[in-house]
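The residues making up each chain are set out below.
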Amino acid sequence: MVFRRREKRGVWENLREAIWPKSGWSRAFQYVKHRVNRLPDRPHRIARGVWAGVFVSFTPLFGFHFLSAATVAWIMRGNILAAILATFFGNPVTFPIIAVFSTKLGHKILGDRLDRGAAPEGLLNTFQAASHDLLHNFWAMFTPAHAEWGGLERFFTDVWLPYLVGGLGPGVIAATICYYVSLPIITAYQNRRRMRLKARLEKIRAKIKREEKGSKSTPEN
């Protein structure tokens with residue numbers, strides 16, 4: 001195939017690329033910023049999409065961030081593609097910070113002290129128990145074994161629900177900041193691009209007029 005890699009990358013290399021791209025997250029951010037600026041829509045609609053994407057990045061809806069961001073953008077009458085691109089705000093670099101802060105804040109709001117989840121081993125055990133229940137319940141559908149929900153219940157109460165509750169406030173704040181930062185940037189970018197296109201069009205028109213004048217002034221044989 002034409003676009004197949006000459007050297008097939010291994011699993012660890014693919015994992016490393018997902019966590020830290022070869023070009024760096026700074027260049028990836030610039031790419032997303034460039035794509036958002038060039039979206040063919042009104043600035044305030046694009047900025048609303050950015051708000052939706054950043055807000056959803058603070059929720060524990062992993063695997064559904066694109067769909068959730070698109071839904072929020074649709075409700076807000078924002079640009080759906082901008083919302084999907086803005087979910088880049090949540091990436092392997094920022095997710096650990098968002099997750100820890102949101103989970104701890106959620107426990108404080110819910111009145112818990114996060115005694116079990118405060119230590120890394122406690123949080124790891126919670127994820128392991130939930131993963132065990134998911135795998136066990138899957139095989140239980142095909143065997144006489146009974147389903148187990150203890151690990152999933154602990155994961156819901158200790159991690160997922162506090163993450164969701166604690167992420168709403170910071171998500172709204174971060175999304176609102178990104179909205180007011182992105183709106184003038186997108187507006188200025190579109191104005192500059194419009195002026196460049198206008199200047200280019202005027203040059204083409206001037207060139208056509210010169211060619212027309214030149215053809216009229218040339219004497220016929």
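In case you missed it, the structure is sitting above this.
In this text, all values refer to a predicted model and were calculated from it rather than measured experimentally. (Residues numbered from 1 in each chain as written. Predicted model: local features only at pLDDT ≥ 70, side-chain atom pairs only at ≥ 80, totals over all residues. Heavy atoms only, no water.)

1. Looking at the overall build of the protein chain
Under the convention used in this document: Numbered from the N terminus, helices here are DSSP runs of H or I no shorter than four residues, and strands are runs of E no shorter than two. Per-residue accessibility, obtained with a 1.4 Å probe over protein chains only, is compared with the maximum for each type, and a residue is labelled buried under 20%, exposed over 50%, and partly exposed between these values. In this description, contact between two residues means that some pair of their heavy atoms is separated by no more than 4.5 Å. Each accessible area is a Shrake-Rupley estimate made with a 1.4 Å probe; only the visible protein chains count as cover when residues are assessed.
Counting its secondary structure elements, the protein chain contains eight helices and zero strands. Secondary structure elements of the protein chain, listed N to C terminal, follow the sequence α-α-α-α-α-α-α-α. For the protein chain, the proportion of its 221 residues judged to be buried stands at 32%. Taking the intrachain contacts of the protein chain between residues at least 6 apart in sequence as the baseline, contacts between residues at least 24 apart amount to 71%. Counting every atom, the protein chain has about 15800 Å² of accessible surface; 65% of that belongs to carbon and sulfur.

2. Structural notes on unusual backbone geometry
Excluding glycine, residues mostly have negative phi values, and the peptide bonds linking residues are mostly trans. Residues other than glycine seldom take positive phi values, yet Arg77 does so here, at roughly 60°. Its place among the elements puts Arg77 in the loop between α4 (65-75) and α5 (80-86).

3. Brief notes about the side chain of Ser102
Within the secondary structure, Ser102 is located in helix α6 (residues 95-110). Not counting residues up to four positions away in its chain, the partners in contact with Ser102 are Phe58, Pro162, Tyr163, Gly166 and Gly167.

4. Description of helix α3 (residues 43-56)
An α-helical turn contains 3.6 residues, so any two residues separated by three or four positions project in the same direction. What counts here: Expected span of a helix, by definition, is 1.5 Å for each gap between consecutive residues, and there is one gap fewer than residues.
When the terminal C-alpha atoms of α3 are compared, their 20 Å separation across 14 residues agrees well with the 20 Å that a helix rising 1.5 Å per residue should span. Those residues of α3 lying buried are Pro43, Ile46, Ala47, Gly49, Val50, Trp51, Ala52, Gly53, Val54, Phe55 and Val56.

5. Examining α4
Looking at α4, one finds that the buried residues are His65, Ser68, Ala69, Ala70 and Ala73. Looking at the buried side of α4, the elements it contacts are α3, α5 and α6.

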